[in-house]
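Residues per chain are reported as follows:
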Number of protein chains: 2
Amino acid sequence: MFNKQELIDFCETARSNYLDHISIDCVVFGFHEGQLKVLGLKIKNEASWYLPGGFVMKDEPIEMAANRILKERTGLDEIFLQQFRVFGDPDRARPHHDMYKDMLPPEENWFSMRFLTIGYYALVDFVHVNPTPDGHSESCTWYDLTDLPDFKLDHAQIIKSALDTLRLQLNYQPIGYNLMPKEFTMPELQKLYETILDKKLDRRNFQRRMLGFGILNRSEQPRKGGAHKAPYLYSFDLKNYQNALKEGLKGGW
Amino acid sequence: MFNKQELIDFCETARSNYLDHISIDCVVFGFHEGQLKVLGLKIKNEASWYLPGGFVMKDEPIEMAANRILKERTGLDEIFLQQFRVFGDPDRARPHHDMYKDMLPPEENWFSMRFLTIGYYALVDFVHVNPTPDGHSESCTWYDLTDLPDFKLDHAQIIKSALDTLRLQLNYQPIGYNLMPKEFTMPELQKLYETILDKKLDRRNFQRRMLGFGILNRSEQPRKGGAHKAPYLYSFDLKNYQNALKEGLKGGW
DNA sequence: GAGCTTGGTGTATTTTGAACACAATAGTAT
DNA sequence: ATACTATTGTGTTCAAAATACACCAAGCTC
């Protein structure tokens, strides 16, 4: 992955720019053709995949760091990003600690350090993402959540944890604004929910409930051209959507 | 707070034992006499309060660190502890950075570092806690959530955030096992919910719903001795309770 | 035991969620 | 054109859950 000189350069840069011991990993969810996808980076010449991640600059708020990291990988700005958990097992990056141990002594070697990683998940509009690999990656691409490649370290666990959080979120927050295109049909939105929950939902009840939230605007024009009956197009009412994000969807107690 | 020699000693110990840049702060909730309480440490000779917190040892899982820290402050073991958020604003501990700047140069001064703090909240049984101040604190005591003293740094915000999380949690997880004594009456449990939610609940409906969760055992013997009608005593059915923690209380979608 | 307070339980009403059936539309095959 | 099919839109019924409310029981004070 790195030769010795590259390693030395990287470690020097890292040491002077980033906070020790802390990294950020992002689980980027996208939705396309009825499938929930995750963005993964493939390492050059290896069957190794990682989540897009990075480090926090010494004087940078962590939310900003997560946004910066994500922008580099997706080209997207102003992404819906949510911190969901810190992974702090001392052994979580053990395989990395020994990786370059022959090239640099531990006190100079950035990778020999223990790292806690702050997990963020992002919901993005699939078609607007421009997946961009970094220098050490062969590719940055979407993977079906149901058919993930071999993510290294604890990254598979991080993805699982992000998905659990997302499913929970669904119960008290609106979702979809960041995953759907501007305009979409009700069945398309339903498909998103069904995919996240891995569960069939009733068409009519879904629609009623969704409309009941008051976060959708129905367009005058139905979508034409497809086979079968032309469905209505909806878009999110951003104002109500934002409000629902804050207030939550249902009372609970 | 520290004189120069103490500071030097502390920084040396800290540097060799703890991870840089990372701290843990615990919001410890207790419940007593119808009031939700938070544990706070008061600094000697200052009108300054802090949450019980500490640092992560170099080879210690963060959950273990949180437990250790809490044990040192409360004497309690095996506490219900939940990570809820990382606070990572670069300025969040700004007041600390300058505190000892005349005593030690920044590169030796532990307190001049930026710290991210991992917020945990704990729910504990008030009567079993024996709040114990550490060496730098004048006192470790309970404060009414409605009447907090002047918490420094962003600790007031951390408390607020913990409470928000707790309220949300209430909707899909059972709560109370860690906050209530072994045996309690239904009105007492209701009071806990009302306090957390800051909201009156209907006596009968609360009871029905609570019993519906199937996590309570009613004792044969009602509590005697008090004035008025003797209420039944309940305890949590630990097995069902644990299960409800995992599965969640209501379906949602 | 009258009066007060607190705790236990039942019932009617409203609201919400789940299940289900039929009508409308746009293409396709004939 | 006409029948057919796949898909979407909508209404209605039934059951379950949440809500509101009223009454009885028990123990203490006086």
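Residues numbered from 1 in each chain as written. Chains lettered and ligands numbered in written order. Predicted model: local features only at pLDDT ≥ 70, side-chain atom pairs only at ≥ 80, totals over all residues. Heavy atoms only, no water.

A few words now on the overall build of chain A. Along the backbone of chain A there are 7 helices and 9 strands. Considering only C-alpha atoms, chain A reaches an extent of 65 × 45 × 30 Å along its principal axes. Counting over 253 residues, chain A shows a buried share of 51%. Residue pairs at least 24 apart in sequence account for 74% of intrachain contacts in chain A once pairs closer than 6 positions are excluded. In the structure as shown, chain A presents an accessible area of about 12500 Å², 49% of it carried by carbon and sulfur atoms. (Helix = DSSP H or I, 4+ residues; strand = E, 2+ residues; numbered from the N terminus. Buried < 20%, exposed > 50% of the residue type's maximum accessible area, 1.4 Å probe, protein only. Contact = heavy atoms within 4.5 Å. Areas by Shrake-Rupley, 256 points an atom, 1.4 Å probe, with all protein chains shown as cover.)

A:I24, A:I118, B:I24 and B:I118 are the most contacted members of the largest nonpolar core, which has 52 residues in total. Once residues within four sequence positions are removed from consideration, B:I24 is found in contact with B:P52, B:G53, B:G54, B:V56, B:I62, B:A65, B:A66, B:I69, B:T117, B:I118 and B:Y120. (Core = buried A, V, L, I, M, F, W, Y, C linked by side-chain atoms within 4.5 Å.)

Turning our eyes to something else, we now look at the interface of chain B and chain A. How big an interface is tends to be stated in terms of the accessible area lost upon association of its parts. Contacts between chain B and chain A engage 37 residues on the former and 36 residues on the latter. Where chain B abuts chain A, roughly 2900 Å² becomes buried across the two surfaces, and 64% of that area is made up of carbon and sulfur atoms. Applying the counting rule to chain B against chain A returns 0 salt bridges. Connecting chain B to chain A are 8 residue pairs in polar contact (both at pLDDT 80 or more). Of all the secondary-structure elements, those providing two or more residues to the side of chain B that touches chain A are β1 (18-32), β4 (53-57), α2 (62-74), β5 (80-87), β6 (116-123), α5 (186-197) and α6 (203-212) of chain B. Residue composition of the side of chain B that touches chain A, by class: 20 nonpolar, 6 polar and 11 charged. (Buried area = accessible area lost by both parts, 1.4 Å probe. Salt bridge = Lys/Arg side-chain N within 4 Å of Asp/Glu carboxyl O. Polar contact = N/O pair within 3.5 Å; in protein donor to acceptor, adjacent residues only side chain to side chain. Nonpolar A, V, L, I, M, F, W, Y, C, P; charged D, E, K, R; others polar.)

So, about the protein's contact with DNA strand D. Near DNA strand D you find 20 residues, and of these A:R203, A:R204, A:R218, A:Y232 and B:R204 are the closest. Among atoms of DNA strand D positioned within 4 Å of the protein, sugar and phosphate together represent 46%. A distance of 2.8 Å is found between a base oxygen of DNA strand D and a side-chain nitrogen or oxygen belonging to A:R203. Between DNA strand D and A:R218 there is a distance of 2.9 Å, counted from a phosphate oxygen to a side-chain nitrogen or oxygen. Classifying every residue of the surface near DNA strand D gives 4 nonpolar, 6 polar and 10 charged. (Near = heavy atom within 4 Å.)

Around DNA strand C lies a shell of 21 residues, among which A:R204, B:R203, B:R204, B:R218 and B:Y232 are the nearest. Each atom of DNA strand C within 4 Å of the protein was classed as base or backbone; sugar and phosphate made up 47%. A distance of 3.3 Å is found between a base nitrogen of DNA strand C and a side-chain nitrogen or oxygen belonging to A:R208. Between a phosphate oxygen of DNA strand C and a side-chain N or O atom of B:R218, the distance comes to 2.9 Å. Among the secondary structure elements, those contributing two or more residues to the surface near DNA strand C are α6 (203-212) of chain A together with α6 of chain B. Taken together, the residues that form the surface near DNA strand C break down as 5 nonpolar, 6 polar and 10 charged.

A word on the packing of aromatic side chains. Residues and elements named next belong to chain A. As enumerated under the stated definition, the model contains 37 aromatic pairs over all chains in all. Geometrically, the ring pair formed by Y18 and W110 is tilted, given 6.4 Å between the ring centres and 50° between the ring planes. With Y18 in strand β1 (residues 18-32) and W110 in the loop between α3 (94-97) and β6 (116-123), this pair connects stretches of sequence that are 92 residues apart. The class of Y18 is buried, set by a relative accessible area of 19%. (Phe/Tyr/Trp six-rings, centres within 6.5 Å; stacked < 30°, edge-to-face > 60°.)

Note on the chain copies: they are related by a rotation about an axis and a translation along it. Each copy superposes on the other: chain B lies on chain A with an RMSD of 0.1 Å after a rotation of 180° and an axial shift of 0.0 Å. Seen this way, the second copy is the image of the first under a two-fold rotation axis. Looking at the interface residues of chain B, 97% of them are also at the interface in chain A, so both copies use one shared face. (Least-squares fit on C-alpha atoms with pLDDT ≥ 70 in both.)

Residue and element names in this part refer to chain A. Per the domain assignment, the segments making up chain A are domain 1 (4-169) and domain 2 (186-247). Put simply, the middle of domain 1 and the middle of domain 2, counted by C-alpha atoms, are 32 Å apart. At the junction of the two partners, domain 1 supplies 6 residues and domain 2 supplies 7 residues. Looking at the side of domain 1 facing domain 2, the largest losses of area belong to F31, L36 and R167, adding up to 67% of the total buried there. The interface formed by domain 1 and domain 2 contains 0 salt bridges. At the surface where domain 1 touches domain 2, the tally comes to 2 residue pairs in polar contact (both at pLDDT 80 or more). Only β2 (35-43) and α4 (155-169) provide two or more residues apiece to the side of domain 1 that touches domain 2. (Domains from an automatic or database assignment.)

Predicted confidence across chain A gives a mean pLDDT of 89, with 96% of residues reaching 70 or more. Here strand β8 (residues 216-222) of chain A stands out as the element of chain A with the lowest mean pLDDT, 80, in contrast to β6(A), whose mean of 96 is the highest. (pLDDT = per-residue confidence, 0-100.)

Quick look at the environment of B:G34 now. Here B:G34 lies in the loop between β1 and β2 (35-43). Separated by 165 residues in the primary sequence, B:G34 and B:K199 place their C-alpha atoms 13 Å from one another.

Residues and elements named next belong to chain A. Their axes nearest at 10 Å, the elements helix α5 (residues 186-197) and α6 cross at an angle of 95°. Of the possible angle classes, the one that applies to α5 and α6 is roughly perpendicular. Across the interface between the two elements, M186, L189, Q190 and Y193 from α5 touch R203, F206, Q207, M210 and L211 from α6. (Axes fitted to C-alpha atoms, helices over the stretch in contact; angles between N-to-C directions. Parallel < 35°, antiparallel > 145°, perpendicular 65-115°, else oblique.)

All names here are of chain A. Taken as a whole, this structure holds 24 salt bridges over all chains when the rule is applied. For D144, the salt bridge is made with K37, and the minimal N-O distance between the two is 2.8 Å. Taken together, the positions of D144 in strand β7 (residues 137-144) and K37 in strand β2 put the pair 107 residues apart, joining distant regions of the chain. When salt bridges that share partners are traced, they join D25, R92 and D154 into one network.

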